Amino acid sequence: MTDRPRGRARQPGPNPTKRPFHKARSGKHPGADQSSRRKPHPRTVHDLDPRRAAFETLRRHKPGDLLEPAVVATLRHLGWGPEHAHRVLPMLEDATRFALLFDHLIAHLASRPPAELDPDVRAALHLFLNWYLLDDPRAAYAHGNAAVEMLSAKHKGRGFVNALVRRLGEFVKVEQGEPEDYRALAEAGTPPPLWANKARLGNGRFVVAERTIFPEPAAELAAHIGIVCSLPRYFVDQLIEQHGPDAATRIAVASIERPATWVRPDPGVAGSNELAEWWTRNGTSVEQVTRPDGGTALALPAKVRNLTDHPSWAMGGFYVQDYSAQLVAPAMQPQPDEMLLDLCSAPGGKAGHLAELTRDRAKILACDLTEPKMELIQQNIARMGYRGIATVQADAAEVRFPEKFDGVLIDAPCSNSGVLARRIEARHRLTKDSIEELQELQLRILENAAANLKPGGRIVYSVCSILLDEGPDVVHRFLRGKVGEERREDVWEVEFENYLLPVPAWHDGGYVARLRAPD
């Protein structure tokens, strides 16, 4: 995607009220040589105001829409390229992650409900809370000034914003402690603790109010979780109903704590020990975790910065993939010389894992719906060096191939409810209607996968959702269908099924099942 030309588009026009610098007081031009004029100084990356770009994005952003394309559009409007998005995205991700919590804090002090506030006013207040609570709590006054300056000089809400940010700075404070040991709590079956006067902001940081402002967790768990973890009430109710209060609490907290960065080594290129030693030498902590299939996953810090600096990156020595996603391809139990189909393949990580498990000796066809997704698959396949993977652009719910496959892998489109810590915007799309629409699409894809399968073949169905509606419910609906005169549940077999719930600050969650067709 080409960038907008910067030169003329960015340079201010001449100001007719000022005398040109090169004109003598007598009004005579000192010389006819135009080269004597001073050239305008080019703008540098420091001229970009990330806060202004974040505000311009947030004031127009519709909850649930993807953030990165919105940021890129704002940058282009301001005359900057997409390579600067990383300077704006983090504060927008935090403002989106904690939007419902921020609304709750504002509601305690504002005279009107946050939903009724002017969009510019609400965006300025959310960004103030983001800067104050998550950036530097010591600079509340400066953050307040910056929030007011986001509004135009004639905006009627400037006084309201100025008064409210001062009150918010006094009403809530930041408490910084050590990161919590969520893994130990999960292993003990204990949910993370909850409080009526404070809420987590991630990595050991809390927002603490001067008085009790959150619903009492013991009496109103759903209402409490919905506010402090910024989750829609419908989704929280489903979590409690389907997984119980303790697991629901753990899942909710996981949605606001950044998980580890997970790496899947390719043993044919670089061993896990070799990869880990390099990161350790360069000051990055690494933990090796054995997967159920016997492979090794590497866990690195959430904000690791030197992934692509590793010498094995360009050679395809590893692939960045969450632990939960690394459990999907092994469920296929792929064998060399098999023909395998990966529907909904982008970005290509699971197709690559199938190739790795078969030592690149299976024939794998990876497909997805759009051209950008196909380009992403092809780029990852090329970097990893797999030769047994072909690609085709196709609709997973409709495409029929002339040849049948030994196995079909489906990583179906879903609500992303198991990966909310990474898919920040997804929490604002979690509605009953959206889940029902996704469930129908998932069932159509599963039905079409069966039509492309050999007799006795297997389907691996997976979603990065922890809602029963998108996992076992879809599988059971598929099995209750008929093939000819027989119900599938009478002739198909569920050979394997696994739910992995998220663990805060550790890994994401998801569902995977392997189905065997009749011979």
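Residues numbered from 1 in each chain as written. Predicted model: local features only at pLDDT ≥ 70, side-chain atom pairs only at ≥ 80, totals over all residues. Heavy atoms only, no water.

**Some thoughts on the overall build of the chain**
Part 1 of the argument: In terms of helices and strands, the chain carries 18 helices and 16 strands.
Part 2 of the argument: Taken across its 519 residues, the chain has 53% of its residues classed as buried.
Part 3 of the argument: For the chain, the proportion of contacts with a sequence separation of at least 24, taken over those separated by at least 6, is 72%.
Part 4 of the argument: A total accessible area of about 24,900 Å² is found for the chain, and carbon and sulfur atoms account for 50% of it.
Part 5 of the argument: If the 67 positive side-chain charges of the chain are averaged to one point and the 68 negative ones to another, these points end up 12 Å apart. (Helix = DSSP H or I, 4+ residues; strand = E, 2+ residues; numbered from the N terminus. Buried < 20%, exposed > 50% of the residue type's maximum accessible area, 1.4 Å probe, protein only. Contact = heavy atoms within 4.5 Å. Areas by Shrake-Rupley, 256 points an atom, 1.4 Å probe, with all protein chains shown as cover. Lys, Arg positive; Asp, Glu negative; His and termini not counted. Charge placed at Lys NZ, Arg CZ, Asp CG, Glu CD.)

**A word on the packing of aromatic side chains**
Part 1 of the argument: Within this structure, the stated rule accounts for twelve aromatic pairs.
Part 2 of the argument: Pairing Phe-128 with Tyr-132 gives two aromatic rings, centres 5.6 Å apart and planes at 15°, and the pair type is stacked. Of this pair, Phe-128 and Tyr-132 both sit in helix α6 (residues 119-135), four residues apart, which is roughly one turn of the helix.
Part 3 of the argument: For Phe-128, a relative accessible area of 0% gives the class buried.
Part 4 of the argument: Given the relative accessible area of 2%, Tyr-132 is considered buried.
Part 5 of the argument: With 5.2 Å between their ring centres and 65° between their planes, Trp-279 and Phe-318 make a pair best called edge-to-face. Residue Trp-279 is found in helix α12 (residues 272-281), and its partner Phe-318 is found in strand β7 (residues 318-320); the two are separated by 39 residues along the sequence. Both residues of the pair, Trp-279 and Phe-318, belong to the buried class.
Part 6 of the argument: Ring pairing ties together the aromatic residues Trp-278, Trp-279, Trp-313 and Phe-318, which thus form one cluster.
Part 7 of the argument: In this arrangement the basic side chain of Arg-166 is found over the ring face of Tyr-141, its NZ or CZ atom lying 4.3 Å from the centre. (Phe/Tyr/Trp six-rings, centres within 6.5 Å; stacked < 30°, edge-to-face > 60°. Lys NZ or Arg CZ within 6 Å of the ring centre and 35° of its normal.)

**Details of the sheet that holds strand β2 (residues 198-202)**
Part 1 of the argument: Across the sheet, which stays open at both edges, the three strands sit in the order β1-β3-β2 with antiparallel pairing between neighbours. Looking at the sheet topology across the chains shown, the edges are occupied by β1 (172-176) and β2. Adjacent strand axes in the sheet meet at a mean angle of 30°, parallel and antiparallel pairs treated alike. (Pairing = 2+ DSSP bridges. Axes fitted to C-alpha atoms, helices over the stretch in contact; angles between N-to-C directions.)

**Some thoughts on the pattern of salt bridges**
Part 1 of the argument: Evaluation of the coordinates by the stated rule reveals 29 salt bridges.
Part 2 of the argument: In this structure, Arg-488 and Glu-447 form a salt bridge, with 2.5 Å as the shortest nitrogen-oxygen distance. You can see Arg-488 sitting in helix α18 (residues 488-491) and its partner Glu-447 sitting in helix α16 (residues 432-451), a full 41 residues away along the chain.
Part 3 of the argument: Taking the relative accessible area as the measure of exposure, Arg-488 reaches 7% and is therefore buried.
Part 4 of the argument: Take Glu-447: its relative accessible area is 30%, and that puts it in the partly exposed class. (Salt bridge = Lys/Arg side-chain N within 4 Å of Asp/Glu carboxyl O.)

**Here we look at the environment of Arg-444**
Part 1 of the argument: Tracing the sequence through the fold places Arg-444 in helix α16.
Part 2 of the argument: Here Arg-444 falls in the partly exposed class, since its relative accessible area comes to 41%.
Part 3 of the argument: Sequence-wise, Arg-444 and Trp-195 are 249 residues apart; in three dimensions their C-alpha atoms are separated by 43 Å.
Part 4 of the argument: In this view, Arg-444 contacts Ala-397 and Glu-398; residues no more than four positions away in its chain are not counted.

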